[in-house]
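# Secondary and tertiary structure notes
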Amino acid sequence: TNKIYNIMMDDYTEVEGYNPDADLGLGCGLPTAFAQIKKGDTVIDLGSGAGNDCFVARHEAGESGKIIGIDFTTAMIDKARTNAEKLGYNNVEFRQGDIENMPVSDNVADVVVSNCVLNLVPNKKNVIKEIYRVLKPGGHFSISDIVLVGDLPEGLHEDAEMYAGCVAGAIQKADYLAFIKDAGFSNIEVQKEKTIEIPDDLLAQHLSEQELIAFKFGSTGIFSVTVFAQKPGGTPIKSTEKEERILERSRCAPNSGCC
């Protein structure tokens, strides 16, 4: 499965707050880079795994912030807690639970982040409703996940490796954005989009040569997207402000050649 993971994930190793013990290599984006976390924010990470995104978020929110990681798996919660203890972070906590029914009160979070997790949940609509519930008015989310444009060839859907790489659970991009709008969110923006290139050797296991060519050069595609949206009730964050803040958080200057 590493081959798929490596195709999708973004490189964390230069990100402030990164902890190699907490990085399972299961992500498909860098939502924390786009999440505009401020000092003192309460941040919830959905599907927190061993804690990597929580520790990156903690770097942004600082000691006055509060980070809550939610994961369904007890083993992951234990691993994340061990990592937090090693790092001495007493403002990062991990709660075992279902992100379709979060163990969190209403209107708690300033920011919600998630990295390639919604695909693994059967009812994505419920998760988006839950995100709306736990956010404070004016709070926002920045979530990286996998979406589809067009129908994938049947053979690819059946491959367990694709599921492990969180592709087979993906829904259409238009439906994904519609769920967010229908839940009541405003200021919706795709902050980043990246085509997921599947290696030819993997495609060839499932597709004829003709199907492979049609898939590679057709309009159908698999994309990693990072989507931003805001719960109404606070000051809307303008697009230009978002871009400026993202630029501020970047570790290298524009046109420096390292981004």
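Refer to the structure presented above.
Our subject in this report is the structure included herewith. (Residues numbered from 1 in each chain as written. Predicted model: local features only at pLDDT ≥ 70, side-chain atom pairs only at ≥ 80, totals over all residues. Heavy atoms only, no water.)

### Examining the overall build of the protein chain
- A count of helical and extended segments in the protein chain gives 11 helices and 8 strands.
- Scored against the burial criterion, the 259 residues of the protein chain give a buried share of 47%.
- Pairs at least 24 residues apart make up 77% of the contacts formed inside the protein chain by residues separated by at least 6 positions. (Helix = DSSP H or I, 4+ residues; strand = E, 2+ residues; numbered from the N terminus. Buried < 20%, exposed > 50% of the residue type's maximum accessible area, 1.4 Å probe, protein only. Contact = heavy atoms within 4.5 Å.)

### Describing the environment of Asp41
- Of note, Asp41 is situated in the loop between helix 2 (31–34) and strand 1 (42–46).
- Not counting the four nearest positions on each side in its chain, Asp41 is found in contact with Gln36, Ala61, Gly65, Lys66, Asp110 and Val111.
- Here the side chain of Asp41 touches Lys38 through a polar contact of 2.8 Å, landing on its backbone nitrogen. (Polar contact = N/O pair within 3.5 Å; in protein donor to acceptor, adjacent residues only side chain to side chain.)

### Some remarks on the pattern of salt bridges
- Taken as a whole and assessed by the stated rule, the structure comprises 7 salt bridges.
- Between Asp110 and Lys136 there is a salt bridge, with its nearest N and O atoms 3.2 Å apart. Of the two residues, Asp110 sits in strand 4 (residues 109–115) while Lys136 sits in strand 5 (residues 135–149), which places them 26 residues apart along the sequence.
- Accessibility expressed as a relative area gives 29% for Lys136, which makes it partly exposed.
- Note that Glu193 and Lys173 form a salt bridge whose closest N and O atoms lie 2.7 Å from each other. Taken together, the positions of Glu193 in strand 7 (residues 186–195) and Lys173 in helix 8 (residues 173–182) put the pair 20 residues apart, joining distant regions of the chain.
- For Glu193, a relative accessible area of 39% puts it in the partly exposed group.
- A relative accessible area of 23% places Lys173 in the partly exposed class.
- Overlapping salt bridges, with partners in common, bring together Lys66, Glu93 and Arg95 in one network. (Salt bridge = Lys/Arg side-chain N within 4 Å of Asp/Glu carboxyl O.)

### As for the nonpolar core
- Core analysis: the biggest nonpolar cluster contains 28 residues, and Ile44, Leu46, Val112, Ile131 and Phe141 have the highest contact counts within it.
- Of all the elements in the fold, those that place two or more residues in this core are strand 1, strand 2 (66–71), strand 4, helix 5 (124–134), strand 5, helix 8 and strand 8 (221–230).
- Residue contacts for Ile131: discarding those within four places in its chain leaves Leu46, Met102, Val112, Phe141, Ile143 and Phe185.
- By size, the runner-up hydrophobic cluster in this structure holds 16 residues, among which are Ile37, Val43, Ala80 and Ala84. (Core = buried A, V, L, I, M, F, W, Y, C linked by side-chain atoms within 4.5 Å.)

### Focus: the pairing of strand 1
- Among the 5 residues in strand 1, 5 count as buried, and that is most of the element.
- Side chains Thr42, Ile44 and Leu46 project from strand 1 onto one buried face, and the interleaved Val43 and Asp45 project onto a second face that is buried too.
- Where strand 1 meets strand 2, 5 bridges bridge the pair, whose relative direction is parallel. Bridge pairing links Asp45 to Gly69 in strand 2.
- What joins strand 1 to strand 2 is helix 3 (residues 52–61), and the crossover it makes is right-handed. (Pairing = 2+ DSSP bridges. Right-handed = clockwise from strand over helix to strand, strands pointing away.)

### A look at helix 4 (residues 74–87)
- In this model helix 4 runs 20 Å from its N-terminal to its C-terminal C-alpha over 14 residues, within 8% of the 20 Å that 1.5 Å per residue would give.
- For helix 4, the elements touching its buried residues are helix 3, strand 2 and strand 3 (92–96).
- Just past helix 4, the residue Gly88 takes up positive phi, approximately 75°. (Expected span 1.5 Å × (residues − 1).)

### Some details on the environment of Glu154
- Inspection of the secondary structure puts Glu154 in helix 6 (residues 154–157).
- What makes Glu154 exposed here is its relative accessible area of 54%.
- The sequence separation of Glu154 and Leu207 amounts to 53 residues, and the corresponding C-alpha distance is 9.1 Å.

### Some thoughts on the packing of aromatic side chains
- Under the definition given, this model contains 4 aromatic pairs.
- Here the aromatic rings of Phe55 and Phe94 are separated by 6.1 Å at their centres, their planes lie at 80°, and the arrangement is edge-to-face. Highlighted residues: Phe55 in helix 3 and Phe94 in strand 3, separated in sequence by 39 residues. Both residues of the pair, Phe55 and Phe94, belong to the buried class. (Phe/Tyr/Trp six-rings, centres within 6.5 Å; stacked < 30°, edge-to-face > 60°.)

### Considerations on the pairing of strand 2
- The buried fraction of strand 2 amounts to 5 of the 6 residues, a majority that puts the element mostly inside the structure.
- Bridging between strand 2 and strand 3 involves 5 bridges; their strand directions are parallel. Counterpart to Gly69 in the pairing with strand 3 is Phe94.
- A crossover links strand 2 with its parallel partner strand 3, the connecting element being helix 4, and its sense is right-handed.

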